[in-house]
Amino acid sequence: MDLMEQFTRIAWLLHRYNLHNRIAHGPMSDTHRGQGRILKLLKLQPEISQKELGYLLDMRPQSLGELLFKLEKNSYITRTPSEKDRRIMIIKLTIEGEKLANEEPDIDTPFSCLNEEEQNILSSYLTRIVESMEKQFEEFKKEQGFNWKGGYGFDPRFMKFGRFGDFGCYK
């Protein structure tokens, strides 16, 4: 296999690994995003207002509300109006939510077949590859005269608003 085939294969396998992880460990399979991130924060501060939680997580109220609805539906949290101001919703972990938040899933990482030194070497190689590719994309943008937009932008090809991230570009 050449390097590009190997990287394509490992990208596919990592994607599958993450899907299986999510199925096996639920919301706490990824404590860096989504429901797992909320549970992790609530583990640190078991009672917080929805507005404060949104601020700490840097999330839009609608996005946070959707995640909280899912957590509440699964009985991991409760949302109750504040005693002082009924407009403020207080988020609390339930007993089941505390159990889940305290779980430390014993997840074998895909890199456990490498010792610490090999992991550090691989990390330095990957860092160099990422930096090189980012530099190439920056040069490409300048050469081609692209104005690459992040976030939300208007796509005249489809006459609608859409999410583009780093790949939304216009000439």
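Everything below is about the structure shown above.
Residues numbered from 1 in each chain as written. Predicted model: local features only at pLDDT ≥ 70, side-chain atom pairs only at ≥ 80, totals over all residues. Heavy atoms only, no water.

*Asks:* Would you mind showing me how to read the overall build of the protein chain here?
*Replies:* The number of helices and strands found in the protein chain is 6 helices and 7 strands. Reading the protein chain from its N end, one meets helices and strands in the order α-α-β-α-α-β-β-α-α-β-β-β-β. The contacts of the protein chain with a sequence gap of at least 6 include a subset with a gap of at least 24, amounting to 36%. (Helix = DSSP H or I, 4+ residues; strand = E, 2+ residues; numbered from the N terminus. Contact = heavy atoms within 4.5 Å.)

*Asks:* Please explain the sheet that holds strand β3 (residues 89-93) as it appears in this structure.
*Replies:* Each strand in a sheet pairs with another by means of backbone hydrogen bonds, the pair being arranged parallel or else antiparallel. Strands sit in the order β1-β3-β2 across an open sheet of 3 strands; the sheet is antiparallel. What marks the edges here is a single partner per strand, and that holds for β1 (47-49) and β2 (77-81). Neighbouring strand axes in the sheet, compared pairwise and without regard to direction, differ in orientation by 25° on average. In the sheet, β1 pairs with β3 via 3 bridges, with the strands oriented antiparallel. Residue pairing in the sheet places Ile-48 in a bridge with Ile-91 of β3. Strands β1, β2 and β3 of the sheet are contacted by helix α2 (residues 34-44), whose axis makes an angle of about 90° with β3. (Pairing = 2+ DSSP bridges. Axes fitted to C-alpha atoms, helices over the stretch in contact; angles between N-to-C directions.)

*Asks:* Looking at this structure, how should I read the pattern of salt bridges?
*Replies:* Once the charged atoms of two side chains with opposite charge are near each other, the side chains can pair. Tallied over the full model, the rule gives 4 salt bridges. Here Lys-70 and Glu-66 are joined by a salt bridge, their closest N and O atoms 3.6 Å apart. With a gap of 4 residues between them, Lys-70 and Glu-66 both fall in helix α4 (residues 61-73), about one helical turn apart. Among the residues examined, Glu-66 registers a relative accessible area of 48% and is labelled partly exposed. A salt bridge links Asp-85 to Arg-87; its shortest N-O distance comes to 2.9 Å. (Salt bridge = Lys/Arg side-chain N within 4 Å of Asp/Glu carboxyl O. Buried < 20%, exposed > 50% of the residue type's maximum accessible area, 1.4 Å probe, protein only.)

*Asks:* Is there a simple way to think about a nonpolar patch on the surface in this case?
*Replies:* Nonpolar side chains collect at one region of the surface, where Leu-3, Met-4, Phe-7, Ile-10, Leu-126, Ile-129, Met-133 and Phe-137 lie side by side and expose about 760 Å² of accessible area between them. Listed by contribution, the elements that provide at least two residues to the nonpolar patch are α1 (3-25) and α6 (116-144). Note on placement: Met-4 falls in helix α1. By relative accessible area, which is 62% here, Met-4 ends up exposed. (Patch = residues over 30% accessible without salt bridge, like charges linked within 9 Å, V, L, I, M, F, W, Y side chains within 5 Å. Areas by Shrake-Rupley, 256 points an atom, 1.4 Å probe, with all protein chains shown as cover.)

*Asks:* Is there a simple way to explain the side chain of Ser-82 in this structure?
*Replies:* You can see Ser-82 is positioned in the loop between β2 and β3. Polar side-chain contacts of Ser-82 include one of 3.2 Å to the backbone nitrogen of Lys-84. In this structure Ser-82 touches Ile-88 and Ile-90, once residues within four positions along its chain are discounted. (Polar contact = N/O pair within 3.5 Å; in protein donor to acceptor, adjacent residues only side chain to side chain.)

*Asks:* Quick question: what am I supposed to make of the nonpolar core here?
*Replies:* Taken as a class, soluble globular proteins show a tendency for nonpolar side chains to be buried jointly. Core analysis: the biggest nonpolar cluster contains 17 residues, and Ile-38, Leu-39, Leu-42, Leu-53, Leu-68, Ile-77 and Ile-91 have the highest contact counts within it. Elements supplying a minimum of two residues to this core: α2, α3 (50-57), α4, β3 and α5 (95-102). (Core = buried A, V, L, I, M, F, W, Y, C linked by side-chain atoms within 4.5 Å.)

*Asks:* Explain the packing of α2 against α4 to me, please; I cannot follow it from the model alone.
*Replies:* Helix packing for two helices is described by the angle between their axes and how far apart those axes are. Between α2 and α4, the shortest axis-to-axis distance is 10 Å and the interhelical angle comes to 80°. By the criterion of interaxial angle, the relationship of α2 to α4 is roughly perpendicular. Side by side, α2 and α4 meet where Gly-34, Gln-35, Ile-38 and Leu-39 of the first sit next to Leu-64, Leu-67, Leu-68, Lys-70 and Leu-71 of the second. Of the residues in the contact of α2 with α4, the class split is 6 nonpolar, 2 polar and 1 charged. (Parallel < 35°, antiparallel > 145°, perpendicular 65-115°, else oblique. Nonpolar A, V, L, I, M, F, W, Y, C, P; charged D, E, K, R; others polar.)

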